Structures are given as C-alpha cells and as structure tokens.
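Observations on the model geometry
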Amino acid sequence: MTKSRFAIDTLLVQAGNRGNHDQHHAISTPIYLSSNFRHQDLADVENFDPHKQYSYSRLATPTRRVLESTLAQLEGGAHAFALSSGMAAIQLVFSLFKTGDQIVTSDDLYGGSFRFFDYLTDHYGIHFTKWNGKDYQQLSQLITKDTKAIWLETPSNPTMKVIDINQVAQIAHQINPKLLVCVDNTFLTPVYQQPIQEGADLVVHSATKYLSGHNDMLAGVVVAKSAEISDTLAFNFNTTGSTLDPFDSWLLLRSLKTLSVRMQRHTENATRVSAALAKLPQVEKVLYPGVGGMVSFYVQNHDQVEQLFKRLKIISFAESLGGVESLLTIPALQTHHDMSETARLKLGITDKLLRLSVGLENANDLIADLKQGLADS
Ligand SMILES: *Cc1c(COP(=O)(O)O)cnc(C)c1O
C-alpha cells in the first residue's frame, strides 16, 4: 500500500468520508444490511472481481469494506479483515499454520491468547516456545527450522514490558525472510505504534478495546503487510466466516473518528494517575510504559484489593480495557486465571497486582477515587 499523504488524525476523522461507496455522497458511511447482491448477467459472475464487487456478504459487504480499507491504511498494510472478536482475529492468523509448526511468543500475553495456544498444541500439534521479550540473542537461538512465526504483544499485558519490534523483525527475517512477525497492537493502536512500519508482517487488534473505545461492542482486526499473505487469509476468512456484521462495522468506523483524540487524553490521564499512584504509601510499585492508557500497580497487601473494589465510586471493577470509562481488574483472578499459578507468579502476576484502564474522566476525580479507595481504614 502506498503511504497516505495525510497524517493519522486526518485519516481517522475522515474514515469513510469521500469514498465512492455511496451514490448520495453521504458524510457518514451507510449501513448496507443486505446479505446478498444481485448480478447483472452471466458475464458479471464470470468476470467477478472479489476486491471491488459484491455477491454474498461473508465474502465482502460495503460497510465492512470501507472499514477494512481504513484499517489497512491506518496500519500501512496491503489488506485488513474485520472480524467478530479479537480472538477470531487471532484464530484467523493461526489458520496460516499446521501441525508440526513452531511459533515463538513473548511470555507475557493476553490470557485468552495463552488459552488458545494451549488448545492449538493439544488439538493440532502446533508448538509454542516462550521468549522473555528482553534477550534478543536468546531469541535467535529459539528460532528453528520449524519456526513459522513470532508472536508479540507490546507493551505486554499486564506487566507493561516493551519489546523492540524493529529488532525482532530484523533478527527473524535475517534467519528466515519468510518468518511471520505478528504483533498484537491492541494496547497502543496505530496512533502510537505501527508495527508494519517497524518490519512486522501481521498486526492484530482486539477492536473491542481502544479502536471502538466505548465498552459497547466486540470486534477484531487483522492487517497483513503483503497481498501474498492477505490472499491466503482472505480464503480462510471466507471459509471460516467469523466476519464483523454491517452494523458493528459502521459502529467501529464511527468510533475510529475520535481515536486520536481519545488516545491523547488516555495518555494524559494515565500519566497523571500513574504519578499520583507512585506517591501513595499503599502502592508498592507502578508499571506504566509512558504512553497509552494502561497502568498496572502492586498494592502492599492483598487485603487492600477487596477494600478498594468496594470503595471505588467512579472506576468500575470490570474486565476489559480501552473504553471511555475507567476499569480496574485483578489479572490473577480475571484475565489470567486460566494460567498455571507457577507461570503467573514467574511473570509477576500476583494477587497484589491490579490493572487499571484509565478512561477519559477528569484525572483529578480518578486520582481522588483511587486515594479514598486505598486510604488506610
Ligand atoms: C481483549 C484482548 C484480546 C481478545 O479480544 P476479544 O475482542 O476479547 O476477543 C486479544 N489481545 C489483547 C491484548 C486483548 O486485550
């Protein structure tokens, strides 16, 4: 894909506007609910161009296509796919692999990814090797002749480790140019991180989080760097069928328009909240990568957790992240519950670790809420 002439905030706000998908030149992209599309004649079917025309909406539908071309542009890829959830997006990427393949993954991932990878090992004989996300020399030693991909999440979830995508891609592609470097870009979004520009081959998102940003929908995204990869993915996508429906495609497109402004405010709020938390005697340690809206912190003892959840008046005790409303989770009991305790503790996911998705409320109110929640009784 040729690089856009426009800055990312312009691309985001203009998402879906001034395309040729609607005869009336609507500013807001229409929602096309039709599941199928009429053909003009036999020649229309014989010369069908799946990249431009429509036949059946699992294959393509106008609202989703506008969304997908926007997402491809934002991440600088050849093609994007909009799916029914983040896990469906991850599953689509793994449709590229087969029994006997080996995948190297960073060690601190979304809990659902670990659960899926264990399932792939048990049912399909796909093997996973964990890399600590720090030692780049060790990474090159973990890559074998069976390695097909490297799977990264950065900053990591929930301990906020930052991985140098560029360095990983260089190491991987030097060993084998066909190795697929895949990045789950849910936490930073293309506003702050564009993995394909740094050498990655595939990007995935749980669009349930920042891309949609309002805690009101479930969606996933895959962006492929090259048409070669996206052609295989397109076949698998149409074959397995976990597509995003027209209404949610529209909702996600609508949400993208404010992504840049939201991310800026998430960062401002998270910067202030993490600084305030670090000063509290009840807080042992704060983990904040300096950008984005996710902050993790350790309280001094587990008893404070129950008290905090009970006392909070603005921040909700709930799973998920990336929405306008602030949410607090305890990864050991929620997102990472399916992991073995040994593995969890090794990563620092103790029962004193909390993960805060800093929303767009006034930062002073959020800080006051945390302070009163943590204050010694
Ligand atoms: C939530 C999440 C997922 C899974 O996405 P769903 O939309 O919940 O299916 C994958 N990766 C990360 C980093 C997430 O936070």
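Residues numbered from 1 in each chain as written. Predicted model: local features only at pLDDT ≥ 70, side-chain atom pairs only at ≥ 80, totals over all residues. Heavy atoms only, no water.

Per an unreviewed UniProt entry, the protein chain carries the name Cystathionine gamma-synthase and comes from Lentilactobacillus fungorum. Under Cofactor (unreviewed entry), UniProt gives the following word-for-word description of the protein chain: "pyridoxal 5'-phosphate". Quoted verbatim from the Sequence similarities (unreviewed entry) heading of the UniProt record, the comment on the protein chain is "Belongs to the trans-sulfuration enzymes family." (UniProt positions renumbered as here; feature names shortened; annotations may be inferred.)

What to know about the side chain of D101
Note that D101 resides in the loop between helix 4 (86-94) and strand 2 (102-106). Residue D101 is classed as buried on the basis of its relative accessible area of 4%. A polar side-chain atom of D101 sits 2.9 Å from a polar atom in the side chain of K148. Residues in contact with D101, not counting those within four places in the same chain, are G125, I126, H127, D146 and K148. (Helix = DSSP H or I, 4+ residues; strand = E, 2+ residues; numbered from the N terminus. Buried < 20%, exposed > 50% of the residue type's maximum accessible area, 1.4 Å probe, protein only. Polar contact = N/O pair within 3.5 Å; in protein donor to acceptor, adjacent residues only side chain to side chain. Contact = heavy atoms within 4.5 Å.)

Regarding the site of the ligand
Every one of the 14 residues lining the ligand counts as a neighbour, but G86, D184, S206, T208 and K209 are closest to it. The side chain of T208 places a nitrogen or oxygen atom 2.6 Å from an oxygen atom of the ligand. Among the elements that line the shell around the ligand, the one with the most residues is helix 4, at three residues. Classifying every residue of the shell around the ligand by side-chain character gives six nonpolar, five polar and three charged. (Near = heavy atom within 4 Å. Nonpolar A, V, L, I, M, F, W, Y, C, P; charged D, E, K, R; others polar.)

Points about the nonpolar core
Formed by 66 residues in total, the largest nonpolar core has its most connected members in V93, F94, W151, L202 and V222. It is helix 4 that provides the largest number of residues to this core, a total of six residues. Both of domain 1 (8-257) and domain 2 (260-374) provide at least three residues apiece to this core. Look past the residues within four positions of L202 in its chain and what remains in contact with it is V93, L96, L180, V181, C182, V183, V222, V223, A224, I229 and L233. (Core = buried A, V, L, I, M, F, W, Y, C linked by side-chain atoms within 4.5 Å. Domains from an automatic or database assignment.)

Overview of the packing of aromatic side chains
Within the structure shown, the criterion is met by 15 aromatic pairs. Measuring from ring centre to ring centre gives 5.3 Å for F94 and W151, while their planes differ by 50°; the resulting arrangement is tilted. With F94 in helix 4 and W151 in strand 4 (residues 147-153), this residue pair connects regions lying 57 residues apart in the sequence. Assigned by exposure class, F94 and W151 land together as buried. An aromatic cluster of three or more residues is present, and its members are F94, F97, F116, F117, Y119, Y124, F128 and W151. (Phe/Tyr/Trp six-rings, centres within 6.5 Å; stacked < 30°, edge-to-face > 60°.)

Some details on the pairing of strand 5 (residues 180-184)
By the criterion of burial, strand 5 is predominantly enclosed, with five of the five residues buried. Relative to strand 5, strand 4 runs parallel, the two being bridged by five bridges. Its bridge partner lying in strand 5, L152 is registered against V183. Where strand 5 lies against strand 6 (residues 202-206), three bridges are found, and the strand directions are parallel. (Pairing = 2+ DSSP bridges.)

Brief notes about the sheet that holds strand 6
Taken in spatial order, the seven strands make up an open sheet running 1-7-6-5-4-2-3, and their pairing is mixed. Since the sheet does not close on itself, it has two edges, and those belong to strand 1 (79-83) and strand 3 (127-131), each with one partner. Between one strand axis and the next, the sheet turns by 20° as a mean value, whatever way the strands run. By the bridge criterion, four bridges tie strand 2 to strand 4 in an arrangement that is parallel. Looking at the pairing, V104 lines up with I150 of strand 4. Strands in contact with helix 4 are strand 1, strand 2, strand 3, strand 4, strand 5, strand 6 and strand 7 (220-224); relative to strand 6, the strand with the most contacts, it is inclined by about 160°. With respect to the sheet, helix 7 (residues 165-175) is in contact with strand 3, strand 4 and strand 5, its orientation differing from that of strand 5 by roughly 160°. (Axes fitted to C-alpha atoms, helices over the stretch in contact; angles between N-to-C directions.)

So, the packing of helix 3 (residues 62-75) against helix 10 (residues 246-256)
As a packed pair, helix 3 and helix 10 sit with axes 8 Å apart at the nearest point and diverge in direction by 35°. Read as a crossing pair, helix 3 and helix 10 show a hand that is left-handed. Contacts between helix 3 and helix 10 involve T63, R64, V66, L67, T70, L71 and L74 from the former and P246, S249, W250, L252, L253 and L256 from the latter. Among the residues making up the contact of helix 3 with helix 10, the classes are represented as nine nonpolar, three polar and one charged. (Left-handed = near helix turned anticlockwise from the far one by under 90°.)

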